[in-house]
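# Notes for the structure review
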Amino acid sequence: EITKYIYKQLENAKSCSVSGFFKLAYNAKKMDMGTAGVIEKRVPVIILNESYIRNFQLKFSKIKYASEIPTVEINYFLIAQKCGTEKDTIVTALKIIYNRIGEKMSTGKQVSINFRIGKLVADRNVVKFKFLKKLCEPIEIRYKEYKEGGPKKDGTKEREYKKKQKRV
């Protein structure tokens, strides 16, 4: 169920965080298309939690990501409902699984774990995440840009524009 939840966030171009394990975020590049507005291309990235990396003595490249994209924390209550159990049971089970994965990766041996969105691979304590090819294609988000301090040509005021920005 948790991978379904993460996959859903990916489909909606949203960042999400799995507390203590990783964050699914995006590299984002904006291109000004003049009067046609702005196109933002987002490509998903996985960032392992820094304390997780330290605790298991793993090596994981620092990845730049677009921090302005809102991040949703995994909804453990929703996952527990779908699994017919309690939230605490899900949280505890996931912590055990994440720790076991970390222990296996810290041995230095090759480890490969398939998720719905891709594959977590470790070799000699070096960890990488390989997304499914179809998820690596950039997501395009189009919106109108405006000049700071004035209304847009379509009459939208700055405050209304910022509200629209947050929903994107």
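This text follows the structure it describes.
The shown structure was predicted, so the numbers you read here are calculated from the model rather than taken from an experiment.

## Here we look at the environment of L120
Examined against the element boundaries, L120 turns out to sit in strand β6 (residues 118-123). A C-alpha to C-alpha distance of 8.7 Å links L120 and F131, two positions eleven residues apart in sequence.

## Focus: helix α3 (residues 76-83)
Of all the positions in α3, only Y76, I79 and A80 are classed as buried. All buried residues of α3 fall inside an arc of 100 degrees around its axis, so they share one side. Within α3, the exposed residues directed more than 90 degrees away from the buried face are Q81 and K82. Along its buried surface, α3 packs onto α1 (2-11), β1 (15-18), β4 (71-73) and α4 (87-106). The N-cap residue of α3 is N75: its side-chain oxygen and the backbone nitrogen of F77 are 3.2 Å apart. Positive backbone phi, at 70 degrees, marks G84, one or two positions downstream of α3.

Here is what the cut-offs are and how they apply
- Residues numbered from 1 in each chain as written.
- Predicted model: local features only at pLDDT ≥ 70, side-chain atom pairs only at ≥ 80, totals over all residues.
- Heavy atoms only, no water.
- Helix = DSSP H or I, 4+ residues; strand = E, 2+ residues; numbered from the N terminus.
- Buried < 20%, exposed > 50% of the residue type's maximum accessible area, 1.4 Å probe, protein only.
- Arc of directions from axis to C-beta.
- Contact = heavy atoms within 4.5 Å.
- Polar contact = N/O pair within 3.5 Å; in protein donor to acceptor, adjacent residues only side chain to side chain.

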